[in-house]
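Working through the structure, step by step
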Amino acid sequence: MDQLICPNCKSKMDKIKHPDITIDQCSNCGGTFLEKGELNSLATGMAGDIEFCSVDQEFHTDKHPYRSCPNPSCTGKTMRKINLLTCADTVFDYCDRCEGFFLDKGEIQQMNIELEQLTKGESAEEFREYIDGHLVRSDRIADVRTVRSGLYGQTSATPVDNLRISVYFKNSLNLGLRIYSEKWTYKFVKLIGLFQKQDIQVGNEKLDSLFIIQGSNEDEIKSLLSKYEIQNQLIEFKEKNFKIYNKRGTLEITDKRIIYTEGPYTGNVKYDVKENRIGVVTKMLNIANAFESNRVVVT
Ligand SMILES: [Zn+2]
Ligand SMILES: [Zn+2]
């Protein structure tokens, strides 16, 4: 997408790229446009779909005028006002057509303050920072409704949490890649020949039995995964049983990131990436480095 025009002051907005999102920001007035999904991405510590829970049909106002959506495919559609999580004091501009959000200067900070209050005592687990040049995120996957009900002083049901750690590659691997742990169910399905998707065999018996490997560029994937260092890292992760708590999680690798999911847990799970670098996160960073040092990506 080309540079967007700020719906507030009509200046050209800058693209600010992160491995997980690209946001459009106005250096003149400090406004930010977020495409669908990006608000959820920004609010790392919040579980659930904040965007979905914020868009209601009620009428809201704020001190700003109505804006036109800066998304070129919306050709100036008027945005309406919505209320963050429908119960907070923060009002954003929202486009019904592209489902994007416009936030005025300061509203991101305000949002973070409100989200922090909503997740009081639970914010230590959230994390989004660069470590050795890799974006590392920690997300708690649960239901946002359990958080919202606390606002009205109601006792919320015990949420079921999954812990998800993501280590992003510096650049997309551009292989259409998906590698994931082989579960017995997949093994069974594969055995009886029901497996729909292409399953790439690398030729390392152990690796092939531990992971399902799929992707659009089979030759390049095979050549990349033939590297001893990568095979070693992946097998070690499975065999040494790297985990955060007492459950073995799943490892998944896509073009963009390495994802480790552990759980579900009943109750609150906390994991401080900063305090506990030695375990899973360090291992994931090693895997990322092994992939990157063996894959030359033209950007
Ligand atoms: Zn502006
Ligand atoms: Zn729009």
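Throughout what follows, the structure given in this document is the object of discussion. Along each chain, residue indices are assigned from 1 in the same order as the chain's sequence is written. Throughout, the order in which chains and ligands are written sets their labels, letters from A for the former and numbers from 1 for the latter. It should be noted that, the model being predicted, local features are given only for residues of pLDDT at least 70 and side-chain atom pairs only at 80 or more, the latter also being counted only at that level, while totals for whole chains, interfaces and linings use all residues. Hydrogens and waters are ignored; side-chain quantities use all the structure's heavy atoms.

Some details on the coordination of the zinc ion (ligand 2)
This is how the line gets drawn: Note on donors: an N, O or S atom is included if it sits within 2.8 Å of the metal, or within 3.2 Å for Na, K and Ca, and water is never included, so sites can look incomplete. Square planar and octahedral assignments, for four and six donors respectively, both demand that opposite donors be over 155 degrees apart and that all other angles lie between 65 and 115; tetrahedral needs four donors with all angles between 85 and 135 degrees, and anything else is irregular. The way it works is that DSSP assigns letters per residue, a run of H or I at least four long becomes a helix, a run of E at least two long becomes a strand, and they are numbered from the N terminus. The buried label applies to any residue whose accessible area, calculated with a 1.4 Å probe on protein chains only, is under 20% of its type's maximum; exposed applies above 50%, and partly exposed to all values in between.
Only Cys69 (SG), Cys74 (SG), Cys95 (SG) and Cys98 (SG) from the protein coordinate the zinc ion (ligand 2), and they sit 2.2 to 2.3 Å from it. One way to put it: the four donor atoms around the zinc ion (ligand 2) meet at angles of 106 to 116°, and that makes the site tetrahedral. Sequence positions of the donors to the zinc ion (ligand 2) reduce to the motif C-x4-C-x20-C-x2-C. Here Cys95 lies in the loop between β5 (91–94) and β6 (101–103) and Cys69 lies in the loop between α2 (50–54) and β4 (80–83), a separation of 26 residues in the sequence. Cys95 shares its class with Cys69; the two are buried.

Observations regarding the packing of aromatic side chains
Inclusion rule: Working definition: rings of Phe, Tyr and Trp (its six-membered ring) pair if their centres are within 6.5 Å, and the pair is stacked with planes under 30 degrees apart, edge-to-face with planes over 60 apart, and tilted otherwise. We call a charge positioned above a ring when the Lys NZ or Arg CZ atom is no farther than 6 Å from the ring centre and deviates by at most 35 degrees from the ring normal.
In the structure shown here, the tally under the stated rule is five aromatic pairs. Ring geometry for Tyr94 against Phe101: centres 5.1 Å apart, planes inclined by 50°, an arrangement best described as tilted. Grouping residues by exposure puts Tyr94 and Phe101 together as buried. Taken together, the aromatic side chains of Phe92, Tyr94 and Phe101 make up a single cluster linked through ring pairs. Its end group placed over the ring of Tyr66, Lys81 keeps NZ or CZ at 5.6 Å from the ring centre. Over the ring of Tyr180 we find Arg178; its NZ or CZ atom is 3.9 Å from the centre of that ring.

Focus: helix α7 (residues 218–225)
Note the cut-off: Comment: arc refers to directions from the helix axis out to C-beta atoms. Whether two residues are in contact is decided by their heavy atoms: any pair within 4.5 Å suffices.
Within the span of α7, buried status applies to Ile221, Leu224 and Leu225. Angular distribution of buried residues about the axis of α7 spans 90°; they occupy a single face of the element. Looking at the packing, one finds that the buried side of α7 touches β10 (178–181), β11 (211–214), α8 (228–239) and α9 (280–294).

Side note on the coordination of the zinc ion (ligand 1)
At the metal site, the zinc ion (ligand 1) is ligated by Cys6 (SG), Cys9 (SG), Cys26 (SG) and Cys29 (SG), and these contacts range over 2.2 to 2.3 Å. Around the zinc ion (ligand 1) sit four donor atoms, and with donor-metal-donor angles ranging over 97 to 120° the site reads as tetrahedral. Mapping the donors of the zinc ion (ligand 1) onto the primary sequence gives the spacing C-x2-C-x16-C-x2-C. Judged by relative accessible area, which is 3%, Cys26 ranks as buried. The class of Cys29 is buried, set by a relative accessible area of 19%.

With respect to the nonpolar core
Our working rule: In this description, a nonpolar core means a group of buried Ala, Val, Leu, Ile, Met, Phe, Trp, Tyr and Cys residues linked to one another through side-chain atoms lying within 4.5 Å.
Val136, Leu177, Ile213, Leu225, Leu234, Ile253 and Phe291 are the most contacted members of the largest nonpolar core, which has 39 residues in total. Of the residues forming this core, the biggest block, eight residues, is contributed by α9. When near neighbours in sequence (up to four residues on either side) are disregarded, Val136 contacts Phe127, Arg128, Glu129, Ile131, Ile165, Ser166, Val167, Val273, Val281 and Leu285.

Here we look at empty space enclosed by the protein
Here is the rule we go by: Lining residues are defined by having an atom within 4 Å of a point belonging to a cavity or pocket. Those points lie on a 1 Å grid over the protein atoms alone, cavities being sets where a 1.4 Å probe fits but cannot get out and pockets being open sets with protein on both sides within 12 Å along at least five of seven lines. Grid points are joined across faces, edges and corners, and a volume is the space filled by probe spheres set on the points. Residues were grouped as follows: Ala, Val, Leu, Ile, Met, Phe, Trp, Tyr, Cys and Pro as nonpolar; Asp, Glu, Lys and Arg as charged; and all remaining residues, including Gly, as polar.
On inspection of all chains with the given rule, the structure shows one cavity of 30 Å³ or more. Looking at the largest cavity, its volume works out to about 50 Å³. Around the largest cavity, the lining residues are Phe237, Lys238, Phe242, Arg248, Gly249, Leu251 and Tyr260. Residues of the lining of the largest cavity, tallied by class, amount to four nonpolar, one polar and two charged.

Description of the sheet that holds β6
Rules: Strand pairing follows a simple DSSP-based rule, namely that at least 2 bridges must link the two strands. Each axis is a line fitted through C-alpha atoms, taken for helices only over the stretch in contact, and angles between the N-to-C directions span 0 to 180 degrees.
Overall, antiparallel pairing links the six strands, which are arranged β1-β2-β3-β6-β5-β4 in an open sheet. Each edge of the sheet is formed by a strand with only one pairing partner; in this case those strands are β1 (14–17) and β4. Pairwise comparison of adjacent strand axes, ignoring direction, gives a mean angle of 35° for this sheet. Relative to β6, β5 runs antiparallel, the two sharing two bridges. If you follow Asp93 over to β6, its bridge partner there is Phe102.

Examining the pattern of salt bridges
Counted only if it meets this: Salt bridge, as used here, is a side-chain nitrogen of Lys or Arg placed within 4 Å of a carboxyl oxygen of Asp or Glu.
In the structure shown here, the tally under the stated rule is 16 salt bridges. Between Arg137 and Asp139 there is a salt bridge, and its shortest N-O distance comes to 2.8 Å. Assessed through its relative accessible area of 6%, Asp139 is described here as buried. Bridged by salt links that share partners, the residues Asp62, Arg67, Lys81, Asp93 and Asp104 form one connected network.

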